[in-house]
Amino acid sequence: MNYESKEKEGVVIITPKGKMMAGPDLEKLHDKIKELVRIGARRMVIDLGEVELMDSRGLGILVAGLTSLRNVGGELKLARITNKIESLLVITHLSKVFKTYGSVDEALKSFQTGS
Amino acid sequence: MSWSALGTGIYLACSFFLFLLGMVILRENFRSRVNRTTALMLFFGGLGALFAAVGTTLARTGGLAPGSETESWYNLFYLWELFFPALLLFALVFPKETDAVRRFRLLRYAIFLPHLFHVFWVSFLSSPEKLSGWFSVEEMGPLARVLLSPFSYVLRVAALFFAVAYKFHVRFFSLVNFSYAAMAIALLFFRQASLPNPRIKSQVRLILSGLGLAMTLYTIAFILPALFGFSLSDPWLYALTIGALVIGCGAVGWAILRYQFMDVRVIFRQNLVYFLSTGLLVAVYILAAAQLGRYIRNTLGAKTPALEIGFILLALVFFQPVMEKLDDLIKRLFIRQRSDFRNLLERFSRELVSIFDLNQISARVTELLEKELFIERAVLLLAESDAGGTLVTFSSGNEVLAQSVSGEDPLLKILLSRKQPTYLEAVWPERPDEGLARLLAGVGAKVAVPILDEGRFVGILALGEKFSGFRYSPEDITLLGVLANQLSIATANARLYAETLEKQRLEEELAMARQIQQNLLPARLPSSAEYEFASYVRPSRQVGGDFYDFLWRENQLGFVLADASGKGMPAALLVSFLQATMKAEHRYARPIGEFISSINELLVAHTSPEKFVTLFYALFDPREKKLFYSNAGHNYPILVRQDGHLEFLKKGGTVVGCFEWARYESDCMPLLPGDTLIVYSDGLTDASNHDEMFGEERLIKLAAECCHLDAEGVKNRIVEAVEAFTGPVPPFDDMTLLVMKAR
């Protein structure tokens, strides 16, 4: 797994690619998110469109990111979730916790409109 | 050829040998007291031999008539007896200074007094008549007579004493010499017993036996005849004297040079060349100076004192650098022969490759160095972390001298940049009471050898002063450099070995942890007339993040299947915590939703947010045939009705351990005889055969097919199907399956 991260309109967009599963690469992503929050990022979109698989650890990273951002008054939103991830979110009832959007642009727009 | 001519020749040879030996030892390190003392002793020994040669020549030519002019010169012969106090001093400072010498500095001069007095005595008071004149009041001037007349009695006694002393001075000093030699031998004998270093011990023993033998011969040749008034025939006398000289001084010289771990032949050849070339240089200089002086005198026509001073200054300016260059050149010429050196290196490498324990390497190396290079203390300091970091920790041998040294330590930086054995006095930092400098000073280090492994800082070999006080020879420094390379390899090996051991130990611990986890699983599955269970557990890595357990509440049977996020040890620890919490919380007969909420709160409070657990909890009432359950983010368990109809148990809430605010719902289902409940962790449906996962569809289809089987039968069908699907691919995630059949 690897990831790209960029900033657009004051929102950090992270795009993980491949398998979001337990391993050193996933921990790097975890560290990256923690570091971004530490240096002041408050709005974040995780674009999951290019994630093939996700396991419980991958889900844990998303939850941790959400928690840490909400603790500082920020928000983490998910974009382009695949069917598999959607069913994972539904089973774990996390679909009610995360705000999910069909595209990154929609997610960005939602930050501006405050919805 | 007469005996005496042969004797003269041998005396001269002995004398030359002893002077040469003395010069070699003096030149080896002029600043060392041991060296100076030894050289002094050898010079006096050589003087003795030289005087013996002169004496025999004079006796042969008949120039030694009593009262003749030569007699007073001949009395200078007694100068050589200073050999005995020098010998005693040697015994006091070799191989190390005794406390007595260190505490009473005057002692080392005081022991020369009797002999100095003797020399003075025989040189200036050549006859007893002269003596009695000195002490006779009658022969003094008028003033002295008046002043000293009350003491005339004392003076007369003194005159008598001196007269007697003069008559017997040879005998008396024979005794003194004998007692000095005996004291020296006794001192060496008693001190060698307490020497820690076996090789130095054997060197001192060599000196001891040499000196003992020499003193015996000397006693027979001179002291006994002097005491008892007989004389030996010349051949015997020569044989005994020469034997004593050669054996005694030879033993001392040999022991001293061997003691240095250098090839004696090399030193001798080197020094011989040095002296000969020096002699040549001096001769050339004198000739040139004389010629030049004559030329200047001829042209200027006057003898100028400034000229002499000019020559001396010229010599001082000219000789010092030339002699140094000469010394260097000779050393370089002779340094190639070093068999000892090679043997030592070979031994080092042979021993080091077979040791895999850092402490043992450290102990062995320091022992070898202390023994072979005669170093008072050698310590191997090992760096625990990389110098690139800020902290470097040292530990040494059995005692741990652990101390943090900053990567910015000035001394450390110098040593790392020099990469070779370094005399610390040359690079000592301004503040030697800090960091590495303090540590090195603490172990008495004089030389530090940095040990590097491909540029990585491995440690420092800290070496104290040489036991002899000699400086480290160029060979020593080369040897230490090569040794540092070998040590870096040996320590790397040892570290790898230790890592392997550590890995093994970790694996053993993991196996133990797995055993503990296995023991936490219910030993027996509950069964009754109303229900039965079957279970399957397969952790992906030794210990797993899945577990199931049964918790009773009066006559109701509670059971849980949970899956902690992640794998391995962290997941297993989380699961253990959960299991204990559930057992404790289960005692309070609260509604299921509240029960899960309390578990959630405890987990949120005690774990980081990315750690969570999905769990399915159910409480079965056998009498009512009802199943109460709550599903906290877990894969939906499949309820297979007797007729093959499937239901999924979804009611509940989100995962446990993430959100403090999470609330959990519960549901109640009738569970009738023949119904089957299949609870599993996602490891089962995620099991893959490289291309695809086993998946829920396959499991659901399978579940529908086996509604008629008993619990064990259902479990086996599913496990067989999964194993057939994945083939030899090892499980990526923990796999747990719990099947309940109502009856």
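Quick notes on the rules
Residues numbered from 1 in each chain as written. Chains lettered and ligands numbered in written order. Predicted model: local features only at pLDDT ≥ 70, side-chain atom pairs only at ≥ 80, totals over all residues. Heavy atoms only, no water. 1 Å grid on protein atoms, 1.4 Å probe; cavity = no way out; pocket = protein on both sides within 12 Å on 5 of 7 lines; lining within 4 Å. Points joined across faces, edges and corners; volume = space filled by probe spheres on them. Helix = DSSP H or I, 4+ residues; strand = E, 2+ residues; numbered from the N terminus. Nonpolar A, V, L, I, M, F, W, Y, C, P; charged D, E, K, R; others polar. Phe/Tyr/Trp six-rings, centres within 6.5 Å; stacked < 30°, edge-to-face > 60°. Buried < 20%, exposed > 50% of the residue type's maximum accessible area, 1.4 Å probe, protein only. Lys NZ or Arg CZ within 6 Å of the ring centre and 35° of its normal. Axes fitted to C-alpha atoms, helices over the stretch in contact; angles between N-to-C directions. Parallel < 35°, antiparallel > 145°, perpendicular 65-115°, else oblique. Contact = heavy atoms within 4.5 Å. Buried area = accessible area lost by both parts, 1.4 Å probe. Salt bridge = Lys/Arg side-chain N within 4 Å of Asp/Glu carboxyl O. Expected span 1.5 Å × (residues − 1). Arc of directions from axis to C-beta. Pairing = 2+ DSSP bridges. Lys, Arg positive; Asp, Glu negative; His and termini not counted. Polar contact = N/O pair within 3.5 Å; in protein donor to acceptor, adjacent residues only side chain to side chain. Core = buried A, V, L, I, M, F, W, Y, C linked by side-chain atoms within 4.5 Å. pLDDT = per-residue confidence, 0-100.

Observations concerning empty space enclosed by the protein
If you roll a probe as big as a water molecule over the atoms, it shows you where there is empty space left.
Residues and elements named next belong to chain B.
Piece 1. For the coordinates displayed, the defined rule picks out three cavities of 30 Å³ or more.
Piece 2. Taken as a whole, the largest cavity holds about 110 Å³ of empty space.
Piece 3. Forming the walls of the largest cavity are 15 residues, and the residues nearest its centre are Q517, V537, P539, G544 and D546.
Piece 4. Listing elements by their share of the lining of the largest cavity, those giving two or more residues are α20 (474-520), β7 (531-538), β8 (546-553) and β17 (735-742).
Piece 5. The leading source of residues in the lining of the largest cavity is α20, at three residues.
Piece 6. Here the lining of the largest cavity is built from residues that sort into five nonpolar, six polar and four charged.

Side note on the packing of aromatic side chains
Piece 1. On inspection of all chains with the given rule, the structure shows 14 aromatic pairs over all chains.
Piece 2. With a centroid separation of 6.1 Å and an interplanar angle of 75°, the aromatic rings of Y548 of chain B and F550 of chain B are classed as edge-to-face.
Piece 3. Assessed through its relative accessible area of 4%, Y548 of chain B is described here as buried.
Piece 4. An angle of 75° between the planes, with centres 5.5 Å apart, marks the rings of F694 of chain B and F725 of chain B as edge-to-face. Highlighted residues: F694 of chain B in the loop between α23 (682-685) and α24 (695-705) and F725 of chain B in helix α25 (residues 711-726), separated in sequence by 31 residues. Of the two residues examined, F694 of chain B and F725 of chain B, each falls in the buried class.
Piece 5. A cation over an aromatic ring shows up here: K77 of chain A above the ring of F111 of chain A, its NZ or CZ 4.3 Å from the ring centre.
Piece 6. Its end group placed over the ring of Y588 of chain B, R587 of chain B keeps NZ or CZ at 5.7 Å from the ring centre.

Description of the packing of helix α1 (residues 24-38) of chain A against helix α2 (residues 56-71) of chain A
Residues and elements named next belong to chain A.
Piece 1. One can describe the packing of α1 onto α2 by two numbers: an axis separation of 10 Å at closest approach and a directional angle of 5°. Accordingly, the angle class assigned to the pair α1 and α2 is roughly parallel. In this structure, α1 uses L26, E27, H30, I33 and V37 to contact α2, whose residues at the interface are R57, G58, I61, A64, G65, S68 and L69.
Piece 2. Residue composition of the contact of α1 with α2, by class: six nonpolar, four polar and two charged.

Thoughts on the interface of chain B and chain A
Piece 1. Contacts between the two partners involve 25 residues from chain B, matched on the other side by 20 residues from chain A.
Piece 2. A combined buried area of about 1700 Å² lies between chain B and chain A, and 68% of that area is made up of carbon and sulfur atoms.
Piece 3. In terms of surface lost to chain A, no three residues of chain B exceed E610, Y636 and F659 of chain B, which account for 28% of the buried area on that side.
Piece 4. Applying the counting rule to chain B against chain A returns one salt bridge.

Digging into helix α16 (residues 358-372) of chain B
Residue and element names in this part refer to chain B.
Piece 1. For α16, spanning 15 residues, the distance from its first C-alpha to its last is 21 Å, which sits close to the expected 21 Å at 1.5 Å a residue.
Piece 2. Buried within α16 we find I361, S362, V365, T366, L368, L369 and E372. Across the axial projection of α16, the buried residues extend over an arc of 160°, all falling on one side.

Quick look at the pattern of salt bridges
Piece 1. In the structure shown here, the tally under the stated rule is 24 salt bridges over all chains.
Piece 2. Between R70 of chain A and E75 of chain A there is a salt bridge, with its nearest N and O atoms 3.3 Å apart.
Piece 3. Judged by its relative accessible area of 14%, E75 of chain A falls in the buried class.
Piece 4. The residue E705 of chain B makes a salt bridge to R717 of chain B at a minimum N-O spacing of 3.3 Å. Taken together, the residues E705 of chain B in helix α24 and R717 of chain B in helix α25 connect sequence positions 12 residues apart.
Piece 5. Take E705 of chain B: its relative accessible area is 37%, and that puts it in the partly exposed class.
Piece 6. Looking at R717 of chain B, the relative accessible area reads 31%, which means it is partly exposed.
Piece 7. Among the charged side chains, a salt-bridge network with shared partners connects E4, K17, D47, E50 and R80 of chain A.

Topic: the sheet that holds strand β12 (residues 638-640) of chain B
Two strands in a sheet stick together by hydrogen bonds in their backbones, pointing the same way (parallel) or opposite ways (antiparallel).
All names here are of chain B.
Piece 1. Taken together, five strands build an open sheet; the order of strands is β7-β17-β16-β12-β13 and the sheet is antiparallel. The open sheet is flanked by β7 and β13 (646-648), the only strands paired with a single partner. Adjacent strand axes in the sheet meet at a mean angle of 15°, parallel and antiparallel pairs treated alike.
Piece 2. Here β7 runs beside β17; their pairing, made up of eight bridges, is antiparallel. Residue pairing for β17: Y531 is matched across the bridge by A742.
Piece 3. Docked against the sheet, α24 engages β12, β13 and β16 (676-680), running at close to 20° with respect to β12.
Piece 4. In this fold α25 packs onto β7, β16 and β17, with an angle of close to 25° to the strand it touches most, β7.

Observations concerning the side chain of K741 of chain B
Residue and element names in this part refer to chain B.
Piece 1. If you trace the backbone, K741 turns up in strand β17.
Piece 2. For the buried K741, no salt bridge is present, and the opposite-charge side chain at shortest range is E532, 6.7 Å distant.
Piece 3. Within the structure, the side chain of K741 is placed 2.7 Å from the backbone oxygen of C707, a separation counted as a polar contact.
Piece 4. What K741 contacts, discounting residues up to four positions off in sequence, is E530, Y531, E532, G674, D675, T676, C707, H708, L709, D710 and A711.

What about the nonpolar core?
Piece 1. One finds M44 and L48 of chain A together with F559, L615 and Y617 of chain B to be the most contacted residues of the largest nonpolar core, which totals 77 residues.
Piece 2. Looking at which element gives the most residues to this core, the answer is strand β10 (residues 613-621) of chain B, with seven residues.
Piece 3. With residues up to four places along the chain from it excluded, the contact list for L48 of chain A reads P16, M20, M54, L62, L78, A79, R80, I81, T82 and I85 of chain A.
Piece 4. Of all hydrophobic cores here, the second largest spans 45 residues; its members include M41, F44, L87 and F112 of chain B.

Remarks on the confidence of the model for chain B
Piece 1. Averaged over every residue, the pLDDT of chain B is 78; residues scoring 70 or more account for 82%.
Piece 2. Across residues 335-339 of chain B, where pLDDT falls below 50, the model places five contacts with residues more than four positions away in sequence or in other chains.

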